[in-house]
Amino acid sequence: MTAFTRSRSAKILAGVALLSVSAMVVAGCSSTPSDEPSDGGGSSADLTLKLGSLLPQTGSLSFLGPPMESGVGLAVKEVNDAAAGVTIDLTAEDEGDTDTKAYETSITKLQGAGVTAIVGAAASGVSRLILDGNVSAGILQISASNTGPDFTDWDDNGLYFRTAPSDLLQGEVLGNLIAEDGHKTLGVIYQNDAYGTGLFENIKSTFEGAGGEVVADASYNVGDGQFDAQVETIKAQNPDAVAIVSFDQFKTIAPLLVNAGISPDKFYLVDGNLSDYGSSPDTNFPFSLEGAQGTKPGPALEDDFTDRLQTFWTGEGNPEVNDFTYAAEAYDAVVLVALASLAAGSTEGADIAAKMAEVSGGTGDGEKCTSFTDCAKIINDGGTADYDGYSGEITFDENGDPQGASIGTYVYDAENLISRTN
């Protein structure tokens, strides 16, 4: 297997299905079969699927890079090792931030590589900037972490999917958590983009619907590095609790809040900043976050899955993964695309998209299976597979959204590590 590295032109050609296909790939002549899409009765050809990933190797979401890239890489390896009729040729690129615009160069590279499906972007803001171009190019896009509610109604020609739930659900869970903890007043610092404003609005409406009051809110723009004014706005109203809707900016905001006299046990975080910070010197936390809480999508992960992720990732020469946020969603995204390609007998984006609901159970007539190998066998035997993954049952609806989802709640200990409470 070619080494999986986090360079901007990384590729995986792992466990190629058959010798004839392997020879073509190694020679640099991998091709996409011209077979017409099947009627769901299984694949008759050995497919080489050119898959791209656009994930945060740099930027304010870079802490999500290792778990998501490990999820993608492990899925690619296991799909290819299965030798079940589809081999993935992966090209991995960096999405960066909306302000650094690394995604512009990366998308050009991915489209130039001939990918017909892309896993990413991680940030909803980046996906909004690339989705229309991908749709025009006929590329299927599936994100493991886009939570913006507006993607539900996006004019995407059926080419957009996500394995993470909308912010509508996470905002409701966090708003209820704050209210259930007995807080009556709330201050919110949030990122002024669709991700931040969407979560803010849903946290506010839920919290106030439960009888509380948002007494102060302050936004900041992506790329800002100074947050003193926002902290002063919150401190002036002395709320019972503070919700911080941010990405990596939390590392700067948290010390300012503490210096203003707001204790960390009043903090409530979201998926964009909920992470194991530990004693890392780049966190700027000369204090404990003990008692701070937060939410992020995804069920509790099985030990076997996290062990496989860790073994794969460190085996490629990378340091250990510190947490597994969106790793399961990224893994499942790859498996679902591979299964849909197999079911369609095609590697074209539109053909794969047409089978995504089916292989996720959205048509309601499939046979349950929980691994690529088992699902592929069902498809190759002429049946309909219904994949249930590590991120949940998924089951895409007509908008490419997962029907139903799990939102976990977490709490920090004295070592600035999180543990799941629900």
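Since the structure is predicted, the reported quantities are computational estimates derived from the model, not experimental observations.

K.L.:
Could you give me a rundown of unusual backbone geometry, with the residues and numbers involved?
P.N.:
With an omega of -5°, the peptide bond running from Gly120 to Ala121 counts as cis. With a phi angle near 50°, Ala83 is a residue other than glycine that sits in the positive phi range. Within the fold, Ala83 resides in the loop between helix 2 (65–82) and strand 3 (86–94). For Asn238, which is not a glycine, the phi torsion comes out positive at approximately 45°. Structurally, Asn238 is set in the loop between helix 7 (228–237) and strand 9 (241–245).

K.L.:
Before we move on, could you go through the layout of surface pockets and cite the residues and values that matter?
P.N.:
Of the volumes computed, that of the largest pocket is approximately 430 Å³. Forming the walls of the largest pocket are 20 residues, and the residues nearest its centre are Phe63, Ser275, Asp276, Asn322 and Asp323. Taken together, the residues of the lining of the largest pocket sort by class into 8 nonpolar, 5 polar and 7 charged. Considering only enclosed or pocket space, the second largest pocket measures out at about 370 Å³ in volume.

K.L.:
Give a description of the environment of Leu289 that names residues and reports values.
P.N.:
If you trace the backbone, Leu289 turns up in the loop between strand 10 (267–269) and strand 11 (293–297). Residue class for Leu289 comes out buried when judged on its relative accessible area of 0%. C-alpha separation for the pair Leu289 and Pro264, spaced 25 residues apart in sequence, amounts to 5.3 Å.

K.L.:
So what's going on with the pattern of salt bridges? Which residues, and what values?
P.N.:
Going through the model one piece at a time under the given rule, you end up with 10 salt bridges. A salt bridge links Asp401 to Arg162; the nearest nitrogen and oxygen atoms lie 2.7 Å apart. Residue Asp401 is found in the loop between strand 13 (385–387) and strand 14 (407–412), and its partner Arg162 is found in strand 6 (residues 160–162); the two are separated by 239 residues along the sequence. For the pair Asp401 and Arg162, one class covers both residues: buried. Between Asp248 and Lys251 there is a salt bridge, with the nearest N and O atoms lying 3.1 Å from each other. Given the relative accessible area of 28%, Asp248 is considered partly exposed. Residue class for Lys251 comes out buried when judged on its relative accessible area of 14%.

K.L.:
How would you summarise helix 6 (residues 194–209) if you had to cite specific residues and measurements?
P.N.:
Taking 1.5 Å of rise per residue, 16 residues should cover 22 Å, and helix 6 covers 22 Å from first to last C-alpha, within 8% of that figure. Regarding helix 6, the residues found buried are Tyr195, Gly196, Gly198, Leu199, Phe200, Asn202, Ile203, Thr206 and Phe207. Contact partners of the buried residues in helix 6: helix 4 (124–136), helix 5 (167–180), strand 7 (185–191), strand 8 (213–220) and strand 9.

K.L.:
I'd like a rundown of empty space enclosed by the protein, residues and numbers included.
P.N.:
Counted under the stated rule, the structure contains 1 cavity of 30 Å³ or more. In terms of lining, the largest cavity is formed by Leu61, Leu64, Ala122, Ala123, Ser124, Ser145, Thr147, Tyr195, Phe247, Asp271, Gly272 and Tyr326. Its residues assigned to classes, the lining of the largest cavity comprises 7 nonpolar, 4 polar and 1 charged.

K.L.:
If you had to explain the side chain of Gln191 to someone new, which residues and values would you point to?
P.N.:
With respect to the helices, strands and loops of the structure, Gln191 is situated in strand 7. Within the structure, the side chain of Gln191 is placed 3.3 Å from the side chain of Gln249, a separation counted as a polar contact. Not counting residues up to four positions away in its chain, the partners in contact with Gln191 are Gly196, Thr197, Tyr220, Val222, Val245, Ser246, Phe247 and Gln249.

K.L.:
Describe the sheet that holds strand 8, and please don't skip the residues or the numbers.
P.N.:
Strands pair in a sheet through their backbones, by hydrogen bonds, and they do so in one of two ways: parallel or antiparallel. Read from one edge to the other, the open sheet built from 7 strands follows the order 8-7-9-10-11-14-15, with strand pairing classed as mixed. The open sheet has two free edges, formed respectively by strand 8 and strand 15 (418–420), since each of these has just one partner strand. Ignoring strand direction, the axes of neighbouring strands in this sheet form an average angle of 25°. Pairing between strand 10 and strand 11: 2 bridges, direction parallel. Looking across to strand 11, one finds that Leu269 is bridged to Gly294. Each of strand 7, strand 9, strand 10, strand 11 and strand 14 is contacted by helix 5, which is oriented at about 160° to strand 11, the strand it contacts most. In the packing of helix 6 onto the sheet, contacts are made with strand 7, strand 8 and strand 9, and the angle to strand 7 comes to roughly 170°.

Conventions we followed
- Residues numbered from 1 in each chain as written.
- Predicted model: local features only at pLDDT ≥ 70, side-chain atom pairs only at ≥ 80, totals over all residues.
- Heavy atoms only, no water.
- Helix = DSSP H or I, 4+ residues; strand = E, 2+ residues; numbered from the N terminus.
- 1 Å grid on protein atoms, 1.4 Å probe; cavity = no way out; pocket = protein on both sides within 12 Å on 5 of 7 lines; lining within 4 Å.
- Points joined across faces, edges and corners; volume = space filled by probe spheres on them.
- Nonpolar A, V, L, I, M, F, W, Y, C, P; charged D, E, K, R; others polar.
- Buried < 20%, exposed > 50% of the residue type's maximum accessible area, 1.4 Å probe, protein only.
- Salt bridge = Lys/Arg side-chain N within 4 Å of Asp/Glu carboxyl O.
- Expected span 1.5 Å × (residues − 1).
- Contact = heavy atoms within 4.5 Å.
- Polar contact = N/O pair within 3.5 Å; in protein donor to acceptor, adjacent residues only side chain to side chain.
- Pairing = 2+ DSSP bridges.
- Axes fitted to C-alpha atoms, helices over the stretch in contact; angles between N-to-C directions.

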